[in-house]
Amino acid sequence: MNMISSAAPPLDDPRDRGGPAQPLLIARELRKHFKVKSDSGTAFVRAVDGVSFTLFKGETLGIVGESGCGKSTLARLLLHLVRPDSGELVFDGETVAEMRGITVNALRRQVQMVFQDSYSSLNPRMPVQDTVAFGPFVHGKSKAESKAVARSMLLQVGLNPDLFGSRYPHELSGGQKQRVNIARALAIEPRMVILDEAVSALDKSVEAQVLNLLRALKADFNLTYLFISHDLNVVQYISDRVLVMYLGAVVELGPVDEIFSHPLHPYTRALLGSRPSMNPKQRIEEPPITGDPPSPIDPPSGCRFRTRCPFAEPVCEARIPELGAWTDRESHVAACHMQVADSGHSRAVGNA
Amino acid sequence: MPEMDGGLQSTGSSATGSGLAAGSSNLVEVEDLSVRFVTREATVHAVNGVSFAVRPGEVLCILGESGSGKSVTLRALMQLLPPRRTRITGRIRVDGQDVLSLDRAGLRRLRGGLVSMIFQEPMTALDPVYTIGKQITETIVRHRGGSQASARARALDLLELVKIPSAAQRLDNYPHELSGGLRQRAMIAMALSCGPRLLLADEPTTALDATVQIQVLILLRKLQKELGMGTIFVTHDLGVASEIADRIAVMYAGRIVEEGPVADVLANPLHPYTQGLLASTVHGQPRDQDINAIPGSPPDLRRLPTGCAFAPRCVQVMAECRAGVPEERRPLAGRMARCIRVPAGAVLADAVADRV
Amino acid sequence: MSQTAVLSHPVTEADEQAAPALKVRGYWASVGYRLRYDPVTMFFGLVVLLIILAAIFAPLLAPFDPYKESVIGRLKPFGWKNHLLGTDELGRDLLSRLLYGGRVSLLMGVVPVCVATVVGGSLGIVGGFAGKRVNTAIMRTMDVFYAFPSVLLAVAISGAMGGGIGNGMIALSMVFTPAMCRVAETATAQVKNLDFVEAARATGAGTLTILRYHVLGNVLGPVFIYASTLVSVGILLASGLSFLGLGVRPPTADWGLMLSTLRQSIYVNPLICALPGAAIFITSISFNLVSDGIRAAMDVRM
């Protein structure tokens, strides 16, 4: 089985409009703040605070970050499951809006989401075949046609529909449920799939199976993936490009090999250095950074990472670092004052 | 803080000393432990004949996937399973005491004093309506007696021991006011409050973020060494095990299928399940190839297959595998595997590596 | 369909081998299975069935006319002149009156619960699924009713509208509706936030479709369970209203009313006076235990 590389966007897809060079999805300055009640009146959780990125056709973009970094909210913003406060989404050249461009419903026909396997990811009162058939049914297929689609999708994800179709979720293992979730997402033939911690709850041996399946399906169905995970090893394996988030903002973005071999942002370095060694003879002796991620309510001023950053200087508190200018798939940029020549940071590039 | 550190260390080391003096060299001995959950509809064979031992000051990692029986084994050690529908057979000795024959008072002494446990989710283990300081103080007073003031002083020592910043203020925080990492540290402090000689850890870092997980792992490793606690650490994560374990026991379908020093097992796994688990754990595999995954899913614990439970998923399966449960084989010093392909007697390491 | 294209990856056979080969049951089938092996629920289910059958077939089963009075045969003991359970203070056959009384009591217990389930349940589902404003409007209105003690509210409504079976049922319906609404609202709000509902929204499904296919099935369970516990409360409250003279009017046979009128004769023939009370007690406890059993059977997901 061959893998679609980032350089080979899908060909001859009738749903494609802008051509292979046009990005499938552009997110510009997406912002979502949730109002919460705190001891001192109302406060805002800055879940997603001005996130921009571009998703190219046929690629897998990995999004990593710790809890509270806003990666799951970002996924929901992309599908308008949560309405963004501000920002713009462009899908294959068309703005997502009710008046002009394509509607949210049209977007949802082309973008699907696979949730983390949990007790709530499948309707407990519905046989899994009906769950998979629901999407095609909603989109106007007859009951019989939807059922046929569901059966063929179950087969595609490695579940025999005769054996599994009439089962309820509680009669399936975690890996089987996740296969059903994938089948459900693919049943309406989307072009893009958002995988939100889709393999995180699975056992390692099952996780590997599902990752293999995801890779195969991507090739079979000309898919573009947005792969959200906290597991750097998995992101490294499956992604073409990686976006690192911290407290609702993008801190680094670039091709996967670049990010893993030459991380620019101190946070990315800390994340990479926190991975267990897998070698009992070379254990990690000192944690790369200390402390927990701060609360996304009232994040630190300036650079959000400065409270945990070993290189923090006054400039980091004073000014928010910009994510550098990026142009194409090969761009590797980081939001850090040390990456800007005359930022005022003593370790800025050129100063050393 | 130095004198406080010394105080804690001395309690730890003196406890270790008394344990060694007690005669037996093992802190924990488990023999042929089986746990079944009986319901009206089915009997779940969660643990099926598990034997292992832990020396004082040693870290044993029990590694397994969900349903392997690793957590059930751990809870059986503390008698934390619902008694009405649980059937336990076998022998569990902790510091020479037969745990399965202890009465309620004996169990209480065991749970708070000799053995402590930390859990995956501290929010469920800490009481949300009391402050951290109050909970630790109460535990100390209940098990050790003494005044509230002295217990509170010790609680503060403990919070500093687990490296909670501005510990004095944190004593008056409620669990929900702490971040995940601090909560986990507070739970560790509470577990250490009565100077346990055996620490049971049930996936204590699984729910934590990556940068926090490594901090807690390093902290646990340090504390365990300083206080000389025997530790049984349950995890599903090979990486976590490689960071903390001295020895590792791999469980599958309620049996230990392989056991040995962690470096040896990871470098040269004997059992096909351990080999498969290593191969399917994602860590730097080539991106353009499929991961060498174990096919299928673990067996239903209500109806285990006869013979080797891994046989249905094993790529090296033979007819004999289904005949009976493979007995323990010890081809190398300190190594054990339950697989009929592993040579029965002691042989050279190379020969084993060649055959498997 | 492009999906039926040739598979580029094999269906993993081992997956299916390792799948549990235990008998696969649907949800309701497994609930039924669990109920069948619950002797307490089965026994009291039988009792409830007998009570209902007795009420339905009261005209066939009753040995005497329940309204036929007798001056000489008042408060006679069990078995007097073929009156199996004796006679009441006006000489009417007690067994016949108990059978007929069961009809009224069950009607008063069941009909208001049904009305409350439909009205309160729909309001609750709408309130739970709709936005904050609609939710506030519905739930705060319900809270106003909820704030009164239920017995007091029932007494006040019946008192204001006058006695009679119809008004009694209206009063009880109004008492039960807010509680039912609250249960439905809570269950809906819980389901609303689950991933599978979000997934259905992501498929592009409209609100009504999601309500019908994904919410209703998950909310009806808790609603029905709660409704079954309310039946016994309904019977008790109805009896209470009749006892206070606010429900059924004499000479209609009703357990609460019978208890009220026989009360004066408690020193003459205490056993007979206790019979309507025993009927209320047995019926309500049977309904309660059955609903408990159903709740337990439905609770387990595995």
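Everything numeric in this text was worked out from a predicted model, so none of it was measured. Per chain, the residues get numbers from 1 upward, laid out in the order the sequence is written. To label them, take the chains in the order written and letter them from A, then take the ligands in the order written and number them from 1. Where totals are concerned, whole chains, interfaces and linings use all residues; where local detail is concerned, this predicted model gives features only for residues with pLDDT of at least 70, and gives and counts side-chain atom pairs only at 80 or more. To obtain the side-chain values, all non-hydrogen atoms of the structure were used and water was disregarded.

## Details of the overall build of chain C
Then comes step 1: Numbering of helices and strands runs from the N terminus; a helix is a DSSP stretch of H or I covering at least four residues, while a strand is a stretch of E covering at least two. For chain C, the helix and strand inventory stands at twelve helices and zero strands.
Then comes step 2: N-terminal to C-terminal, the α/β element order of chain C is α-α-α-α-α-α-α-α-α-α-α-α.
Then comes step 3: Across the 302 residues in chain C, those meeting the buried criterion constitute 47%.
Then comes step 4: The contact rule is simple, with two residues in contact once any of their heavy atoms fall within 4.5 Å. Contacts in chain C between residues at least 24 apart in sequence constitute 71% of all its contacts with a sequence separation of at least 6.
Then comes step 5: Taken as a whole, chain C presents about 14600 Å² of accessible surface, with 70% of it coming from carbon and sulfur. Exposure classes here rest on a 1.4 Å probe applied to the protein chains alone. A residue is buried below 20% of its type maximum, exposed above 50%, and partly exposed in between. Method for areas: the Shrake-Rupley scheme with a 1.4 Å probe, in which residue coverage is limited to the protein chains shown.

## Description of the sheet that holds strand β4 (residues 86-91) of chain A
Residues and elements named next belong to chain A.
Then comes step 1: Following DSSP output, two strands are said to pair if at least two bridges run between them. An order of β2-β1-β4-β5 is seen for the four strands of this open sheet, with the pairing classed as antiparallel. In this open sheet, the two edge strands, each paired with only one partner strand, are β2 (41-55) and β5 (94-95).
Then comes step 2: With twelve bridges connecting them, strand β1 (residues 25-38) and β2 associate as antiparallel partners. Its bridge partner being in β2, L25 is matched across the sheet by L55.
Then comes step 3: Running at roughly 120° to β1, helix α1 (residues 71-78) makes contact with β1, β2 and β4 of the sheet. The convention used is that axes are lines fitted to C-alpha atoms, helices contributing only their stretch in contact, and that angles between N-to-C directions extend from 0 to 180 degrees.

## Thoughts on the packing of aromatic side chains
Then comes step 1: Stacked, edge-to-face and tilted are the three classes for Phe, Tyr and Trp ring pairs, Trp counted by its six-membered ring, which pair at centre distances within 6.5 Å; planes under 30 degrees apart are stacked, over 60 edge-to-face, the rest tilted. Across all of its chains, the model carries ten aromatic pairs over all chains by this definition.
Then comes step 2: Both rings, one in C:Y33 and one in C:Y37, keep their centres 5.1 Å apart while their planes meet at 45°; by these two values the pair is tilted.
Then comes step 3: Taken together through their ring pairs, the aromatic side chains of A:F134, A:F137 and C:Y213 make up a single cluster.

## As for the sheet that holds strand β4 (residues 86-94) of chain B
All names here are of chain B.
Then comes step 1: On the basis of which strands lie adjacent, the open sheet formed by four strands has the order β2-β1-β4-β5 and antiparallel pairing. What marks the edges here is a single partner per strand, and that holds for β2 (43-54) and β5 (97-98).
Then comes step 2: Here strand β1 (residues 28-38) runs beside β4; their pairing, made up of eight bridges, is antiparallel. Among the inter-strand pairings, F37 is bridged to a residue of β4, identified as T86.

## Focus: the environment of C:E198
Then comes step 1: By secondary structure assignment, the location of C:E198 is in helix α9 (residues 195-202).
Then comes step 2: Note on C:E198: relative accessible area 15%, which makes it buried.
Then comes step 3: In this structure, the C-alpha to C-alpha distance between C:E198 and C:I210, residues twelve residues apart in sequence, is 9.6 Å.
Then comes step 4: Beyond its immediate stretch of four places on either side in the chain, C:E198 contacts A:R76, A:L81 and A:F115.
Then comes step 5: Reaching out from C:E198, the side chain makes a polar contact with the side chain of A:R76 at a distance of 2.9 Å. Whenever a nitrogen or oxygen atom comes within 3.5 Å of another N or O atom, the pair is scored as a polar contact, on the condition that within protein one atom can donate a hydrogen and the other can accept it, and that pairs from neighbouring residues in sequence are kept only if both atoms are in side chains.

## Things to note about helix α8 (residues 165-192) of chain C
Then comes step 1: Expected span of a helix, by definition, is 1.5 Å for each gap between consecutive residues, and there is one gap fewer than residues. In this model, α8(C) (28 residues) spans 39 Å end to end at C-alpha, consistent with the 40 Å of a helix rising 1.5 Å per residue.
Then comes step 2: We define the bend at each residue as the angle formed by axes fitted to the 7 residues ending at it and the 7 residues starting at it. At C:F176, α8(C) is deflected by roughly 30°, the largest bend along its length, and proline C:P178 occurs up to four residues later in sequence.

## Considerations on the pairing of strand β10 (residues 255-261) of chain B
Residue and element names in this part refer to chain B.
Then comes step 1: Of all seven residues in β10, six are buried, a share of seventy percent or more.
Then comes step 2: As judged from the six bridges shared by strand β9 (residues 247-252) and β10, these two strands associate in the antiparallel manner. Bridge pairing in β10 places A249 opposite E259.
Then comes step 3: In textbook terms, the turn of a hairpin is the stretch between consecutive antiparallel strands, and for β9 and β10 this stretch comprises two residues, one of which, A253, has a positive phi near 50°.
Then comes step 4: Across two bridges, the pairing between β10 and strand β11 (residues 336-337) is antiparallel. In the strand pairing of β11, E259 is matched with M336.

## So, the side chain of B:H271
All names here are of chain B.
Then comes step 1: Mapped onto the elements of the fold, H271 is located in the loop between α11 (262-267) and α12 (272-280).
Then comes step 2: By relative accessible area, H271 is classed as buried at 1%.
Then comes step 3: Within polar-contact distance, the side chain of H271 engages the backbone nitrogen of Y273 at 3.0 Å.
Then comes step 4: Leaving out residues up to four positions away in the same chain, H271 has contacts with V257, E258, F310, R338 and C339.

## Overview of the layout of surface pockets
Residues and elements named next belong to chain B.
Then comes step 1: Using a 1 Å grid laid over the protein atoms alone, points where a 1.4 Å probe fits but cannot get out form a cavity; open sets with protein on both sides within 12 Å along at least 5 of 7 lines form a pocket; any residue with an atom within 4 Å of a point counts as lining. Grid points are joined across faces, edges and corners, and a volume is the space filled by probe spheres set on the points. What the second largest pocket holds in volume is close to 660 Å³.
Then comes step 2: Elements represented by at least two residues in the lining of the second largest pocket include exactly α3 (104-114), β6 (115-118), α5 (132-144) and α8 (180-192).
Then comes step 3: Here the lining of the second largest pocket gets six residues from one element, more than from any other, and that element is α5.

## Things to note about the interface of chain B and chain A
Then comes step 1: Listed as interface residues are 47 residues of chain B and, on the opposing side, 46 residues of chain A.
Then comes step 2: When the area that chain B buries against chain A is broken down by residue, the three leading residues are B:T211, B:V282 and B:R287, summing to 20%.
Then comes step 3: What makes a salt bridge here is a side-chain nitrogen of Lys or Arg within 4 Å of a carboxyl oxygen of Asp or Glu, nothing more. For the pair chain B and chain A, the number of links is three salt bridges.
Then comes step 4: A salt bridge links B:R221 to A:E285, with the nearest nitrogen and oxygen atoms 3.6 Å apart.
Then comes step 5: For the interface between chain B and chain A, the tally reads 29 residue pairs in polar contact (both at pLDDT 80 or more).
Then comes step 6: Where the side of chain B that touches chain A is concerned, the elements lending two or more residues are α8, α9 (210-227), α10 (238-244), α11 and α12 of chain B.
Then comes step 7: The greatest single-element share of the side of chain B that touches chain A, amounting to nine residues, is contributed by α9(B).
Then comes step 8: Here the residues of the side of chain B that touches chain A sort into 20 nonpolar, 18 polar and nine charged. Here the buried area means the combined drop in accessible surface, using a 1.4 Å probe, for two parts upon being joined, counting both sides. Under the convention adopted here, Pro, Cys and the residues Ala, Val, Leu, Ile, Met, Phe, Trp and Tyr are nonpolar, Asp, Glu, Lys and Arg are charged, and Gly plus all remaining residues are polar.

## Some remarks on the nonpolar core
Then comes step 1: Here the nonpolar core consists of buried residues drawn from Ala, Val, Leu, Ile, Met, Phe, Trp, Tyr and Cys, with membership extended through side-chain atoms lying within 4.5 Å. Membership of the largest hydrophobic core comes to 63 residues, with the highest contact counts inside it found for B:I136, B:I188, B:L192 and B:F233.
Then comes step 2: Each domain's limits were defined by an automated method or a database of domain assignments. Here this core gathers at least three residues from each of two domains, domain 1 (2-250) and domain 2 (254-282 + 290-355) of chain B.
Then comes step 3: Discounting residues that sit within four places of it in the chain, B:F233 has contacts with B:V59, B:L60, B:C61, B:I62, B:A201, B:P204, B:L217, B:L220, B:V240 and B:I244.
Then comes step 4: The next biggest cluster of nonpolar side chains, apart from the first, holds 61 residues, and it includes A:Y225, A:L271, A:C316 and B:I291.

## As for the pattern of salt bridges
Residue and element names in this part refer to chain A.
Then comes step 1: Taken as a whole and assessed by the stated rule, the structure comprises 37 salt bridges over all chains.
Then comes step 2: For R308, the salt bridge goes to E66, with nearest N and O atoms at 3.5 Å. Linking R308 in the loop between α10 (266-273) and α11 (314-318) with E66 in the loop between β3 (60-64) and α1, this pair joins segments that are 242 residues apart in sequence.
Then comes step 3: Taken together, the salt bridges that share partners define one network made up of E29, R31, R46, D49 and R304.

## Digging into the pairing of strand β7 (residues 198-202) of chain B
The side chains of a regular strand alternate, first on one face of the sheet and then on the other.
Residue and element names in this part refer to chain B.
Then comes step 1: The buried fraction of β7 amounts to five of the five residues, a majority that puts the element mostly inside the structure.
Then comes step 2: Side chains L198, L200 and D202 of β7 all project onto a buried face; the interleaved residues L199 and A201 project onto the opposite face, where all are buried too.
Then comes step 3: Across four bridges, the pairing between β6 and β7 is parallel. Note that in β7 the partner of I118 across the bridge is A201.
Then comes step 4: With five bridges connecting them, β7 and strand β8 (residues 230-235) associate as parallel partners. The residue of β8 that forms the bridge with L199 is T231.
Then comes step 5: When the strands point away from the viewer, a crossover counts as right-handed if the path from the first strand over the helix to the second runs clockwise. Following the chain from β7 across α9 to the adjacent parallel β8, one finds a crossover that is right-handed.

## Some details on the state of the cysteines
Residue and element names in this part refer to chain A.
Then comes step 1: For this text, the term disulfide refers to a pair of cysteine sulfurs within 2.5 Å. Taken as a whole and assessed by the stated rule, the structure comprises zero disulfides over all chains.
Then comes step 2: Not part of a disulfide, C303 finds its nearest cysteine sulfur in C316, a span of 5.9 Å.
Then comes step 3: Under the relative-accessibility criterion, C303 is labelled buried at 13%.

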